[in-house]
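# Structural description and commentary
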Amino acid sequence: MPMPPKLLDLIAQLVATPSVSSFEADLNHGNRAVIDLLAGWLEDLGFHIEIQDLHTDPAKANLIATLGQGDDGLILAGHTDTVPCDPALWQRDPFTLREADNRLYGLGTADMKAFLALAIEAVRDLRARDLKRPLVLLATADEESGMLGARSLAAAGRRLGLHCIIGEPTGLKPIRQHKGIFDERIRLVGRAGHSSDPALGNSALEGMHAVIGTLLAWRDELQARHHDPAFSVPVPTLNLGHIHGGDNPNRICGECELTLDFRPLPGMTIPDLRAELRARVQAVAESRGLAVEFEAIFDGLPPLATAADAHIVRLAEQLSGAVAGAAAFGTEGPYYDALGSETVILGPGDIAQAHQPDEYLALDRLAPTVRMLRGAIARLCT
């Protein structure tokens, strides 16, 4: 049976294979080349290979590689895509793995292609006959731009394992909770007119000023009611990210658009929050005689809250020597949780390196990651 390349060669090949996902069409790549690499390596190790195409884009797919039978084992999960990057801001080519200063530099080293290579290293010597419960290596598409891969798995309603470790960058400290996220666009439509007489129009920009005041007051109400000290930012956040309106200083603004980002705590539900947001904005718009349009830029990622006494959480704490915490960033975890897989986030990278020029992974994280993954496999599968 042929064996996959050595660990650093695995990481180098994954980094060298572009798989950028983006909402901008000219920056958006497929991930099939990465999926094919992973599928070939894992097939050589005896895994059953299933490639799940995303109907939204034929150049993108998920990989489900399974060793053993059943749905009560362990999933090692990671996404294959990266964010876009500007090579001019990097000291070296972001698609060429570079070792220096006891670090591995390259796009996706921390977030999170290297984890997929480390998972392969951890299972290199396993055989199906060694397992009492199945092991699944799951590699998804489009996590960085809509989480379409994980969402398609959830829509299929197919549980792949009882326990799940997602290798997002956590500095090898387990995370059992994270906030959710949804993004919204609000567009007010008024009536343009000559600025010399306010009665000649109805300013959408002044209406948006009132909307912003309402939203900030609502944010204060929510932050007074919802508080979780497990998070470094212990309250839900609402960020007003972009505003644009009007076209000339001597013209009453006829249209104004605002985009915002909301990050709810566990226990808060996105459909309810979005409905309340829209109702409050609608009331302001109607009071000022303005039309309003809403667009869900991102439908939403629910918060994750795996119980502190869940078996996977306690195991991750034992293997890492750290108490499971909470994170402000989102992951695919809520989709796997909804399928009945108890989920913890545990990976070798640091979130401070994610989405940054000269992204890197410290070399001294490699061996501990492999050791932890082998420990989890031994406890949950063999």
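Structure report, in brief. Computed from a predicted structure; not experimentally measured.

Scoring rules and cut-offs
- Residues numbered from 1 in each chain as written.
- Predicted model: local features only at pLDDT ≥ 70, side-chain atom pairs only at ≥ 80, totals over all residues.
- Heavy atoms only, no water.
- Pairing = 2+ DSSP bridges.
- Helix = DSSP H or I, 4+ residues; strand = E, 2+ residues; numbered from the N terminus.
- Axes fitted to C-alpha atoms, helices over the stretch in contact; angles between N-to-C directions.
- Phe/Tyr/Trp six-rings, centres within 6.5 Å; stacked < 30°, edge-to-face > 60°.
- Buried < 20%, exposed > 50% of the residue type's maximum accessible area, 1.4 Å probe, protein only.
- 1 Å grid on protein atoms, 1.4 Å probe; cavity = no way out; pocket = protein on both sides within 12 Å on 5 of 7 lines; lining within 4 Å.
- Points joined across faces, edges and corners; volume = space filled by probe spheres on them.
- Nonpolar A, V, L, I, M, F, W, Y, C, P; charged D, E, K, R; others polar.

To continue, consider the sheet that holds strand 4 (residues 98–100). In a beta sheet, neighbouring strands are held together by backbone hydrogen bonds and run either parallel or antiparallel to one another. Spatially, 4-5-18 is the arrangement adopted by the three strands of the open sheet, whose pairing is antiparallel. Two strands in the sheet have a free side with no partner beyond their single neighbour: strand 4 and strand 18 (360–362). The mean inter-strand angle of the sheet, taken between neighbouring strand axes irrespective of direction, is 25°. Relative to strand 5 (residues 103–105), strand 4 is paired through three bridges, and the arrangement is antiparallel. Across the sheet, E99 pairs through a bridge with L104, a residue of strand 5.

Further remarks concern the packing of aromatic side chains. Applying the stated criterion across every chain, the model contains three aromatic pairs. Considering the side-chain rings of Y105 and Y360, the 5.5 Å spacing of their centres and the 55° angle between planes classify their relative orientation as tilted. Taken as a pair, Y105 in strand 5 and Y360 in strand 18 lie far apart in primary sequence, 255 residues in all. A relative accessible area of 18% places Y360 in the buried class. Members of the aromatic cluster, joined through ring pairs, are F182, W218 and F262.

Its boundaries defined by the atoms lining it, the largest pocket holds a volume of some 590 Å³. For the lining of the largest pocket, the secondary structure elements donating two or more residues are strand 9 (181–189), strand 13 (255–263) and strand 14 (291–301). Here the lining of the largest pocket takes three residues from strand 14, the largest share from any one element. The residue makeup of the lining of the largest pocket, split by class, is 11 nonpolar, four polar and seven charged.

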